[in-house]
Amino acid sequence: MKGALPHRAAQLLREAHRVVVLTGAGISAESGVPTFRDALTGLWARFDAQRLATAEAFHADPDLVWGWYEWRRTTVGRAEPNPGHVAIATIQARIPDTTVITQNVDDLHERSGTPAAIHLHGSLFTPRCVAAAAHPATLPSPDDHAAPPDEGGRIPPPRCASCGALVRPGVVWFGEPLPEAALTAAVEAATACDLLLTVGTSGTVYPAAEIPRIAARSGATVIQVNPEPTPLDRIAAVNLHGTAAQVLPTLVATAWAGTDDT
Ligand code: BJW
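Residues numbered from 1 in each chain as written. Predicted model: local features only at pLDDT ≥ 70, side-chain atom pairs only at ≥ 80, totals over all residues. Heavy atoms only, no water.

Q: Lay out the site of the ligand with the relevant residues and their values.
A: In the vicinity of the ligand lie 34 residues, with Arg37, Tyr69, Arg72, Thr201 and Ser202 positioned nearest. At 2.6 Å from an oxygen atom of the ligand is found a side-chain nitrogen or oxygen belonging to tyrosine 69. At 2.9 Å, a backbone N or O of alanine 244 approaches a nitrogen atom of the ligand. Counting residues per element, the ones that place at least two in the shell around the ligand are helix 2 (26-29) and helix 6 (62-78). Taken together, the residues of the shell around the ligand break down into 16 nonpolar, twelve polar and six charged. Three or more residues apiece are contributed to the shell around the ligand by two domains, here domain 1 (1-31 + 81-123 + 178-262) and domain 2 (34-78 + 128-168). (Near = heavy atom within 4 Å. Polar contact = N/O pair within 3.5 Å; in protein donor to acceptor, adjacent residues only side chain to side chain. Helix = DSSP H or I, 4+ residues; strand = E, 2+ residues; numbered from the N terminus. Nonpolar A, V, L, I, M, F, W, Y, C, P; charged D, E, K, R; others polar. Domains from an automatic or database assignment.)

Okay, here's the thing in structure tokens:
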């Protein structure tokens, strides 16, 4: 963070009435959940997206893909929300008309006090049948694994209790449509907000990356929190270059300095 920028952002936040917070993998990075595209630590630096995050990959090697998602579910289960998640819950408490939209498949917003985050890319915790989306499935309990899944470990997916087909992770892979209700709610919120805060996303995966652009086109002010430049820099009125767990608590504290219980 530099100079007067946090103060300008804090003033914009304090004066906002309808807020959207859009988060990406960066919000959970300081909880120990890897991002996708960061050069050294991102998942795609170590794993091939085409072999793991597409429907074709699952059909080709279900044990590899299910094992990878079980490893990630375990990683998330061991993670705790960080001060960035908590600051977002505080914004929602301060400005009730705040909609939190996340591209993340973890549950760290919910565990930090944002119960109704819109999940554009599904969840690690809602597996479903490959044959019928209407057949939700129950996740195996950690005790069902002989050992905690490791990074490249293979685990056969369970079978659907209704029809016997394979169960797949409840996430949105490349080439798949986003959940319609979630996308509609996100677009409506972006169209109606007066301030959009985008946090920890590379802004490169569509249609999620369109959300800040929709808000800007509709007249909202966009504030971005990210340690690195992104394509969203151009539409952001304020770019706060720092990490979510550092910038967001400072932003919230500055916005409501001198008022009670922040
Ligand atoms: C920090 C930090 C710290 C680090 N603090 N910040 C239009 C144009 C071009 C292409 C397309 C288009 N429309 C659709 C497409 C195709 C495709 C797409 O967008 N491709 C692009 C890559 C070019 N989109 C799709 O396929 C989507 N589906 C679709 O459009 O369907 C249409 C359809 C309609 C009808 C029928 C059929 C189809 C689906 C996209 C699904 C994305 N899925 C994934 C995996 C989810 C499951 C899983 O988790 O495994 O979602 S991919 C991955 O990327 C994941 C993420 O949610 C998503 C976004 O990533 P994110 O969050 O931005 O993370 P990173 O790693 O990219 O960035 C992290 C950022 O944090 C960085 O900027 C860091 O600097 C920063 N950071 N530490 C703050 N401490």
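Q: Tell me about the packing of aromatic side chains, residues and numbers included.
A: All chains considered together, the criterion is met by seven aromatic pairs. Aromatic side chains phenylalanine 36 and tryptophan 44 sit 5.2 Å apart centroid to centroid with 50° between the ring planes, which places their arrangement in the tilted category. On the basis of relative accessible area, phenylalanine 36 is assigned to the partly exposed category, the value being 24%. Using a relative accessible area of 22% as the deciding quantity, one classes tryptophan 44 as partly exposed. Ring pairs connect the aromatic residues Phe36, Trp44, Phe47, Phe58, Trp68, Tyr69, Trp71 and Trp173, which therefore count as one cluster. One cation-aromatic arrangement involves arginine 72 over tryptophan 68; the distance from NZ or CZ to the ring centre is 4.7 Å. (Phe/Tyr/Trp six-rings, centres within 6.5 Å; stacked < 30°, edge-to-face > 60°. Buried < 20%, exposed > 50% of the residue type's maximum accessible area, 1.4 Å probe, protein only. Lys NZ or Arg CZ within 6 Å of the ring centre and 35° of its normal.)

Q: Can you explain the sheet that holds strand 8 (residues 238-240)? Please cite residues and give values.
A: Read across the sheet, six strands follow the order 3-2-1-6-7-8 without closing on themselves; strand pairing throughout is parallel. Each edge of the sheet is formed by a strand with only one pairing partner; in this case those strands are strand 3 (118-119) and strand 8. In the packing of helix 7 (residues 83-94) onto the sheet, contacts are made with strand 1 (19-23), strand 2 (98-102) and strand 6 (195-199), and the angle to strand 2 comes to roughly 150°. (Pairing = 2+ DSSP bridges. Contact = heavy atoms within 4.5 Å. Axes fitted to C-alpha atoms, helices over the stretch in contact; angles between N-to-C directions.)

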